[in-house]
Amino acid sequence: MSWRKWLFLISTASLLAGCTANPATTIFHTNSMIAEQKLQLFNILFWMGVGVFLLVAVLLALAIIRGRRQPGDNSEPRQNHGNVRLEIIWTVIPILLVVYIFFITVRTMNAVAAPPREDGDLTVRVIGHRWFWEFQYPDLGITTANDLVIPEDTNIHLELVSVDVIHSFWVPNLSGKIDVVPGQQNSMWIRADNPGTFMGHCGEYCGMQHANMHFNVIARSADDFTAWVQGQQQPVAAAQGTLEEEGEQIVTAGVCAGCHTIQGTKMVGKTGPDLTHLYSRTIIAGGFPLDDATLEQWLRNSDELKPGNLMAGIRVSDQQIEAVMAYLKTLR
């Protein structure tokens, strides 16, 4: 294959690598002051870079065209050494640009710095696992996974830790990213200006299922958030009917209890996601929509859906799957 074809393939692959299934899940669609300030800084730096590139490219092209050697001309080209005015210009202009970049960067950093905690703010503890996100609301007594539900127009203070490897917490529509490091607590804050669902990502390669370590930040109105909190604080509904009771027995007394927690039962596992009110969430396994078909596929062969997960190798019969699903669907 010629070098031109290789160059075309590499360029095309590089462009496609930046594509996303949801174009709105980018830094260019902001829903918070934090993201807007950072986008403004990005735009300034980007267009400054474009301007410098075009200026250098034009000057280079002019130098090549005007300074090319003419046929039969063997003389040395005119030298600009010692042109004090020119040397001052190309020294002072970059200095002014760097000073300006420093000024707007500091201004942006001050604008997005975490404000002091006030009454009404919400604190959430974020725990990174391979490969899902756990969210604990210490002031509300709630633990969930993969869905970070927050009230709109409220400062959300995040305390971030990891239980295994380095992850990176990133919600492009709301804020920048921050590393989540084992043995160290980092902090950041987010705020959603309007209700909506905003996809988050792990921004640091953390293993074979890094690409399937998504989460949703769901911003709700004050009333809707209050209703969500009240629902999450309710005990799980008691199993009704033989099939649900059979599923409850399988889940709470079987291998599931070693890794998962369901509040109000004897399940207190910490390795896997908390399953309390499971069916009130939008995502399962850190990257797949929570619906009956996906849950059934996960129970049948989780390794087929997400290779390398810690549930790989656990097998249940068709009858058990039916019972387990009947019970899990009551966890709303």
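In the block above lies the structure referred to throughout.
Participant: Describe the overall build of the protein chain, with residues and values.
Facilitator: Along the backbone of the protein chain there are 8 helices and 12 strands. At 27 Å, the protein chain has a C-alpha radius of gyration far larger than the 20 Å of a compact globule built from 332 residues. Dimensions of the protein chain, computed from C-alpha atoms along their principal axes, come out at roughly 100 × 60 × 35 Å. Evaluated residue by residue, the protein chain yields a buried proportion of 36% over its 332 residues. Looking at the protein chain alone, contacts between residues at least 24 apart form 61% of all its contacts between residues at least 6 apart. Per element, the accessible surface of the protein chain, about 19,300 Å² overall, is 60% carbon and sulfur. Between the centroid of the 23 positive side chains of the protein chain and the centroid of its 31 negative side chains there is a distance of 14 Å.

Participant: Break down the pairing of strand S6 (residues 167-170) for me, citing the residues and quoting the values.
Facilitator: Where S6 and strand S7 (residues 177-180) come together, 4 bridges link them in antiparallel fashion. The residue bridging Ser-168 from the neighbouring strand is Asp-179, located in S7. By the bridge criterion, 2 bridges tie S6 to strand S9 (residues 196-202) in an arrangement that is antiparallel. Residue pairing for S9: Phe-169 is matched across the bridge by Cys-202.

About the criteria used
- Residues numbered from 1 in each chain as written.
- Predicted model: local features only at pLDDT ≥ 70, side-chain atom pairs only at ≥ 80, totals over all residues.
- Heavy atoms only, no water.
- Helix = DSSP H or I, 4+ residues; strand = E, 2+ residues; numbered from the N terminus.
- Rg over C-alpha atoms; globule rule 2.2 N^0.38 Å.
- Buried < 20%, exposed > 50% of the residue type's maximum accessible area, 1.4 Å probe, protein only.
- Contact = heavy atoms within 4.5 Å.
- Areas by Shrake-Rupley, 256 points an atom, 1.4 Å probe, with all protein chains shown as cover.
- Lys, Arg positive; Asp, Glu negative; His and termini not counted.
- Charge placed at Lys NZ, Arg CZ, Asp CG, Glu CD.
- Pairing = 2+ DSSP bridges.

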